[in-house]
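For reference, the chains in residue letters:
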Amino acid sequence: MAVEIAPNGPLLSPIVAGMWRLNDWRLNVQARVRWLEEALALGVTSFDHADIYGDYGCEALFGEALKAAPHLKGQIQVISKCGIRLKGKAHPYLVNHYDTSAAYVRAQVDASLKRLDVERLDLLLIHRPDYLMDAAELAESFHALKKEGKVAHFGVSNHSASQFELLDRQWPLATNQLELSVLEHKALDDGTLEQCQAKRIRPMIWSPLGGGRLFTGKDAQALRVRALLEALAKDYGVSPATLAYAWILRHPSKPLPLTGSGRIAAVKEAVDALKVDLSREDWYRLWVACRGHDVP
Ligand code: NAP
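Residues numbered from 1 in each chain as written. Predicted model: local features only at pLDDT ≥ 70, side-chain atom pairs only at ≥ 80, totals over all residues. Heavy atoms only, no water.

Caption draft 1: Quick look at the overall build of the chain. From N to C terminus, the chain includes 13 helices and 12 strands. Taken over C-alpha atoms, the radius of gyration comes to 19 Å for the chain, in line with the 19 Å a tight globule of 296 residues would show. If one aligns the C-alpha atoms of the chain with their principal axes, the spans along those axes are about 50 × 45 × 40 Å. Per-residue burial for the chain yields a buried fraction of 53% across its 296 residues. Contacts spanning at least 24 positions in sequence make up 75% of the contacts within the chain whose residues lie at least 6 apart. On the chain, roughly 13,600 Å² of surface is accessible, and the fraction owed to carbon and sulfur atoms is 53%. If the 36 positive side-chain charges of the chain are averaged to one point and the 35 negative ones to another, these points end up 3 Å apart. (Helix = DSSP H or I, 4+ residues; strand = E, 2+ residues; numbered from the N terminus. Rg over C-alpha atoms; globule rule 2.2 N^0.38 Å. Buried < 20%, exposed > 50% of the residue type's maximum accessible area, 1.4 Å probe, protein only. Contact = heavy atoms within 4.5 Å. Areas by Shrake-Rupley, 256 points an atom, 1.4 Å probe, with all protein chains shown as cover. Lys, Arg positive; Asp, Glu negative; His and termini not counted. Charge placed at Lys NZ, Arg CZ, Asp CG, Glu CD.)

Caption draft 2: A look at the site of the ligand. Taken together, 26 residues lie around the ligand, and Arg21, Asp48, Ser207, Gly211 and Ser261 are the ones closest in. One nitrogen or oxygen atom from the main chain of Gly18 is found 3.5 Å from an oxygen atom belonging to the ligand. For the shell around the ligand, the per-class residue count stands at 8 nonpolar, 13 polar and 5 charged. (Near = heavy atom within 4 Å. Polar contact = N/O pair within 3.5 Å; in protein donor to acceptor, adjacent residues only side chain to side chain. Nonpolar A, V, L, I, M, F, W, Y, C, P; charged D, E, K, R; others polar.)

Caption draft 3: Here's a closer look at the confidence of the model for the chain. In this model, the chain carries an average pLDDT of 98, and 100% of its residues clear a pLDDT of 70 or more. Per-residue pLDDT, averaged within each element of the chain, yields its smallest value for helix α2 (residues 53–56) (96) and its largest for strand β11 (residues 204–206) (99). (pLDDT = per-residue confidence, 0-100.)

Caption draft 4: Layout of the environment of His159. Along the chain, the position of His159 falls in the loop between β9 (154–157) and α6 (161–168). Along the backbone, His159 and Asn176 are 17 residues apart, and their C-alpha atoms lie at a distance of 6.8 Å. Here Ser157 takes part through its backbone oxygen, which lies 2.7 Å from a polar atom of the side chain of His159.

Caption draft 5: Representation of the pattern of salt bridges within the structure. Per the stated rule, a full pass over the model turns up 17 salt bridges. Of the charged contacts, one joins Asp117 and Lys73 as a salt bridge, the two residues approaching to 2.9 Å between their closest N and O atoms. One end of the pair, Asp117, is in the loop between α4 (102–116) and β8 (123–126); the other, Lys73, is in the loop between α3 (58–68) and β5 (77–82), with 44 residues separating them in the sequence. The partner of Lys150 in a salt bridge is Asp110, and the shortest N-O contact between them spans 2.8 Å. Here Lys150 is found in the loop between α5 (135–147) and β9, whereas its partner Asp110 is found in helix α4, with 40 residues between them in sequence. A relative accessible area of 33% places Asp110 in the partly exposed class. One network of salt bridges, with partners in common, ties together Arg106, Asp110, Glu148 and Lys150. (Salt bridge = Lys/Arg side-chain N within 4 Å of Asp/Glu carboxyl O.)

Caption draft 6: Seen up close, the pairing of β9. Residues Phe154 and Val156 line one face of β9 and the alternating positions Gly155 and Ser157 line the opposite face, and both faces are buried. Sheet analysis places β8 next to β9, joined by 3 bridges and oriented parallel. When the sheet's bridge partners are listed, Ile126 is paired in β9 with Val156. Of the crossover connections in this fold, the one passing from β9 over α6 to the parallel strand β10 (residues 176–179) is right-handed. (Pairing = 2+ DSSP bridges. Right-handed = clockwise from strand over helix to strand, strands pointing away.)

Caption draft 7: Region of interest: the pairing of β8. Side chains of β8 alternate between two faces, with Leu123 and Leu125 and Leu124 and Ile126 buried alike. In this structure, β5 lies alongside β8, joined through 4 bridges in parallel fashion. When the bridges of β8 are listed, Lys81 appears paired with Leu125. Traced from β8 through α5 to β9, the parallel crossover comes out right-handed.

Caption draft 8: Here's a closer look at the state of the cysteines. The final tally for this structure, using the stated rule, is 0 disulfides. No disulfide involves Cys82; its sulfur sits 16 Å from that of Cys58, the nearest cysteine. The class of Cys82 is buried, set by a relative accessible area of 1%. Cysteine Cys196 remains unbridged, with the sulfur of Cys82 as its closest cysteine sulfur at 19 Å. You can call Cys196 buried: its relative accessible area is 1%. (Disulfide = S-S within 2.5 Å.)

Caption draft 9: Region of the structure containing helix α12 (residues 264–272). Those residues of α12 that sit buried are Ile264, Ala266, Val267, Ala270 and Val271. Buried residues of α12, viewed axially, fall in a sector of 160°; they line one side. Looking at the buried side of α12, the elements it contacts are α1 (29–41), α11 (240–249) and β12 (256–259). (Arc of directions from axis to C-beta.)

If you want it as structure tokens, here you go:
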């Protein structure tokens, strides 16, 4: 099931489980272990973290589960991100800001490895573009972390095509993790997905269900898209969420969607989308429903 996301890049499951909301799921350690086992049974073996998720707490919850069930370690791929300095009780910064300096990236990788209870990250992403990023210095950090066996592959998230290019020239990046959904089309038009396709690297996709707005939004756009999604889902014999994932998977850059739900049944809805063959016309019908107008 695993797919190589870039030339010589990491092998990940085609659906990746996002761990941003792990804290909200209120699972005890045994339930977290069970959740991981059930995800693995569905073929979801890759898990997306960030140092800051859950106010710097989600990685440790995951690590606690791995400590309780160490046999899982050989069956999973662990992704994490760093680069955002987020204010909080334990982090009394004056403002939230970005930091891709060598010392900070190294410190965050060491902290993530400890919290996650793993010896190596399969993939490390720079979470947001840092206006003060020195690409050559960051590439040197990547080189050192790889040599030490702490990180296998590197990528970015939320980087524009030119920001990606700047770093990619210094160090071959494995992915750009971007927002895309039937409700959020920016990546279709800003050159990032074209860049992934041109470089044969597969984007990872966050908030594939619009962070839940697809099902709960009361605005005209959400109502319009939801109504069409529900009608089309019946035609395809799948759930509306499955069809929303299929819309993402239909893009030729071959994206890897990240799930966000704590419900295993919702993870299965994402996996089910791998079997849906969404027609070109239906893809565009959903595009039109989102934009509220025809193609030019
Ligand atoms: P999402 O799937 O768009 O949204 C998940 C939310 O939608 C959950 O609160 C979930 O609630 C709700 N939901 C899902 N299915 C639903 C349904 N059928 N009906 C009603 N509500 C439903 O994904 P996301 O959590 O925003 O993002 C996914 C992952 O992307 C994150 O975990 C994180 O790893 C990553 N991410 C990355 C970035 C970045 O900057 N790189 C930013 C944001 C997220 P339930 O749990 O109740 O189902």
